[in-house]
Amino acid sequence: MNEGLLKGKKGVIFGALNEKSIAWQVALKARKHGAELIITNSPVAVRMGTIHELASVTDARVITADATSMTDIDNLISESMRHFGGKFDFILHSIGMSPNVRKAIPYEQTNYENMLKTLDISALSFHRILQTAYKYDALNEWGSVVALSYVAAQRTLTGYNDMGDAKALLESIARSFGYIYGRDRKVRINTISQSPTPTTAGSGIHGFESLVDFSERMSPLGNATAEECADYCIALFSDLTRKVTMQNLYHDGGFSSMGMSLKAIEQYNKSFEECDCADK
Ligand SMILES: NC(=O)c1ccc[n+]([C@@H]2O[C@H](COP(=O)([O-])OP(=O)(O)OC[C@H]3O[C@@H](n4cnc5c(N)ncnc54)[C@H](O)[C@@H]3O)[C@@H](O)[C@H]2O)c1
């Protein structure tokens, strides 16, 4: 594979907690493709996670920022511009958290304070970052911004809870700001809708293992891994995709276009044979 796709480019990557994180894989690949990086996470994640290991292998600078704090985001973007000596080229938003999911509070009994936190951390943070980068005119022409989403924005998947609402808002923000950034700055904004992936955030979803198994059986190409997602991010940060913007791009082995697959129906039928429940 060509390894210079991001040569001369500079970017900020949010959300690398540990090596399972999608953002971690993106940082590794972006560096391999020649990018200069700043990596960032919340104060607790920087303390508890292993981001400094990633910083040392990618020659990146770490700047701590809580994505729900306007002060932190302002400091991050202005400090990034100082560090890079001016504008930069790409941003990855790879942030998600739902207190309702964490506390196993079902959607029909949602706690609204938690729900506001879910929306704030997982979606409004994207608006905050884009608004601040716009204010400082931080991105070069033909720059690219990517946020990670999930098909629960369009379809209901049991257990995904208020994160489905957060992803719908995230994708809408990508379109709304995509227009403004395209018109005024020639910058692309897209979301990648990724397969279920075994990471810290992913594994917090109730029934996650079954979701992974189900989508693996439903997808003609199988689930996409974090590493494969990183490849797609690199393509979107590169100059090969300059006119792709305001899109929600499925990276899910075909899952989002399927109704029922042979593999899934075989498993479904097998469950009836095994459970002696034909009349139920
Ligand atoms: N894992 C999956 O199945 C899957 C599928 C589709 C989309 N996604 C999305 O991919 C993105 C990355 O998640 P992941 O699966 O790599 O899990 P992860 O747990 O490794 O990453 C989530 C990140 O969000 C960060 N974060 C949480 N609160 C924050 C805050 N207040 N400020 C700054 N950062 C904060 C965490 O520290 C963590 O690094 C998320 O948007 C997630 O919803 C994940």
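The structure under discussion appears in the preceding block.
What you see is a predicted model, and the numbers here were worked out from it, not measured in a lab.

The rules behind these values
Residues numbered from 1 in each chain as written. Predicted model: local features only at pLDDT ≥ 70, side-chain atom pairs only at ≥ 80, totals over all residues. Buried ≥ 20, exposed ≤ 12 C-beta atoms within 10 Å, placed from the backbone. Helix = DSSP H or I, 4+ residues; strand = E, 2+ residues; numbered from the N terminus. Arc of directions from axis to C-beta. Core = buried A, V, L, I, M, F, W, Y, C linked by C-beta atoms within 7 Å. Contact = placed C-beta atoms within 7 Å. Axes fitted to C-alpha atoms, helices over the stretch in contact; angles between N-to-C directions. Parallel < 35°, antiparallel > 145°, perpendicular 65-115°, else oblique. Left-handed = near helix turned anticlockwise from the far one by under 90°. Nonpolar A, V, L, I, M, F, W, Y, C, P; charged D, E, K, R; others polar. Pairing = 2+ DSSP bridges.

Some details on helix α3 (residues 51–58)
Reasoning step 1: Buried residues of α3: Ile-51, Leu-54 and Thr-58, and no others. Taken down its axis, α3 places every buried residue within 55° of arc, on the same side. Away from its buried face by more than 90 degrees, α3 exposes His-52, Ser-56 and Val-57.
Reasoning step 2: The first or second residue beyond α3 is Asp-59, which carries a positive phi of 50°.

Overview of the nonpolar core
Reasoning step 1: Among the nonpolar cores identified, the biggest contains 70 residues, and Ile-13, Ala-27 and Cys-233 are the most heavily contacted of them.
Reasoning step 2: Apart from residues no more than four positions distant in its own chain, Ile-13 is found in contact with Ala-23, Val-26, Ala-27, Leu-37, Ile-39 and Leu-92.

Remarks on unusual backbone geometry
Reasoning step 1: In the Ramachandran plot, Asp-137 falls in the positive-phi region, its phi being about 50° despite a non-glycine side chain.
Reasoning step 2: Following the sequence through the fold, Asp-137 ends up in the loop between α6 (112–135) and β5 (139–149).
Reasoning step 3: For Asp-137, a count of 11 C-beta atoms within 10 Å gives the class exposed.

Some thoughts on the environment of Ala-235
Reasoning step 1: Mapped onto the elements of the fold, Ala-235 is located in helix α10 (residues 226–237).
Reasoning step 2: Residues Ala-235 and Leu-5, 230 residues apart in the sequence, show an inter-C-alpha distance of 7.8 Å.
Reasoning step 3: With near-sequence residues (within four places) excluded, Ala-235 lies in contact with Leu-240 and Thr-241.

Quick notes on the packing of helix α4 (residues 70–84) against α6
Reasoning step 1: It is the contact of α4 with α6, at a shortest axis distance of 10 Å, that shows an interaxial angle of 45°. Between α4 and α6, the crossing angle belongs to the class labelled oblique. Our pair here, α4 against α6, has a crossing hand that is right-handed. Across from Met-70, Ile-73, Asp-74 and Ile-77 in α4, the residues of α6 making contact are Arg-128, Ile-129, Thr-132 and Ala-133.
Reasoning step 2: Across the contact of α4 with α6, the residue classes tally to five nonpolar, one polar and two charged.

Overview of the packing of helix α1 (residues 22–32) against α10
Reasoning step 1: One can describe the packing of α1 onto α10 by two numbers: an axis separation of 8 Å at closest approach and a directional angle of 55°. Here α1 is positioned oblique relative to α10, judged by the angle of their axes. Once α1 is placed against α10, the crossing between them reads as right-handed. Between α1 and α10, the contacting residues are Ile-22, Gln-25, Val-26, Lys-29 and Ala-30 on the first element and Ala-226, Glu-227, Cys-229, Ala-230, Asp-231, Cys-233, Ile-234 and Phe-237 on the second.
Reasoning step 2: Among the residues forming the contact of α1 with α10, the class breakdown is nine nonpolar, one polar and three charged.

Things to note about the sheet that holds strand β2 (residues 36–41)
Reasoning step 1: Reading across the sheet, the seven strands line up as β3-β2-β1-β4-β5-β6-β7 and stay open at both edges, with parallel pairing between neighbours. Two strands lie at the open edges of the sheet, namely β3 (61–64) and β7 (248–251), each paired on one side alone. Going across the sheet, the axis of each strand differs from the next one's by a mean of 20°, ignoring polarity.
Reasoning step 2: Summarising the sheet, strand β1 (residues 10–14) and β2 pair through five bridges and their orientation is parallel. Bridge pairing in β2 places Phe-14 opposite Thr-40.
Reasoning step 3: Contacts from α3 reach β2 and β3 within the one sheet, and its direction differs from that of β2 by about 175°.
Reasoning step 4: Of the strands in this sheet, β1, β2, β3 and β4 (88–93) touch α4, which is tilted by about 160° from β3.

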